[in-house]
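# Understanding the architecture of this molecule
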Amino acid sequence: MLNLIKSSKINFLSICLTALFSIVFVQTLFASLPFDPNKYTFLVYTPRGDYQSDSNGSIEQTMHDLGIRSYDLRDPAHPVTPTDLETHDILIIGWNKNGSNNGLHSDDLAAYINGRVILTGHDADFHFPYGDKWAPEKCENIGKFIANAIDYVLDGGGTGMIAFHSTFSYL
């Protein structure tokens, strides 16, 4: 019985410390965002490939971890439309690991993205929430990179775009 009580206290303490760390980390990152996410409209396109097959995909998890809770979501079954591009400040395209870009039309992107564009060439939106097995200590810097990239695109005026992968043939 005593071991059960000790084990329960340890588990409770572990859960509390994890929750506290998560709250502090997310609040610290959110507090350090160089822009107010409530002043902008975000459109997120998730290719729904590996690591993105459920509602907790990498780009969605990244937006959550950054503290950006309000955004509209599109995927291959729900394409990005010209109206979407006219009514949002920024389009953020998630990492495409065996996913599909069928919901993105290059003619629409060319016609309606008239601000700054960043093509990162790597899957930062995966490494931020899920880590990097080679350098886990870099995850905080990845989060800062993403926040600064969003800020740079937003600061350019017009409708901007960020793509977090290196398969840009559809552009």
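Described below are features of the structure shown in this document. (Residues numbered from 1 in each chain as written. Predicted model: local features only at pLDDT ≥ 70, side-chain atom pairs only at ≥ 80, totals over all residues. Heavy atoms only, no water.)

### Here's the deal with helix α2 (residues 58-66)
In an α-helix there are 3.6 residues to a turn, and that puts residues three or four apart on one side. For α2, the buried fraction is high: eight of the nine residues fall into the buried class. Three or more residues of α2 are buried, namely Ser58, Ile59, Glu60, Gln61, Thr62, Met63, Asp65 and Leu66. Where α2 ends, the next residue or the one after it, Gly67, has phi of about 95°, a positive value. (Buried < 20%, exposed > 50% of the residue type's maximum accessible area, 1.4 Å probe, protein only. Helix = DSSP H or I, 4+ residues; strand = E, 2+ residues; numbered from the N terminus.)

### Considerations on the packing of aromatic side chains
All told, the structure shown has two aromatic pairs when counted by the stated rule. Considering the side-chain rings of Phe35 and Tyr40, the 6.5 Å spacing of their centres and the 75° angle between planes classify their relative orientation as edge-to-face. With a relative accessible area of 8%, Phe35 lands in the buried category. Considering the side-chain rings of Phe35 and Phe42, the 6.3 Å spacing of their centres and the 45° angle between planes classify their relative orientation as tilted. For the pair shown, Phe35 and Phe42 are each scored as buried. Through a chain of ring-to-ring contacts, three or more aromatic side chains come together here, namely Phe35, Tyr40 and Phe42. For the cation-ring pair, Arg116 lies above Tyr152, with the distance from its terminal atom to the ring centre recorded as 4.1 Å. (Phe/Tyr/Trp six-rings, centres within 6.5 Å; stacked < 30°, edge-to-face > 60°. Lys NZ or Arg CZ within 6 Å of the ring centre and 35° of its normal.)

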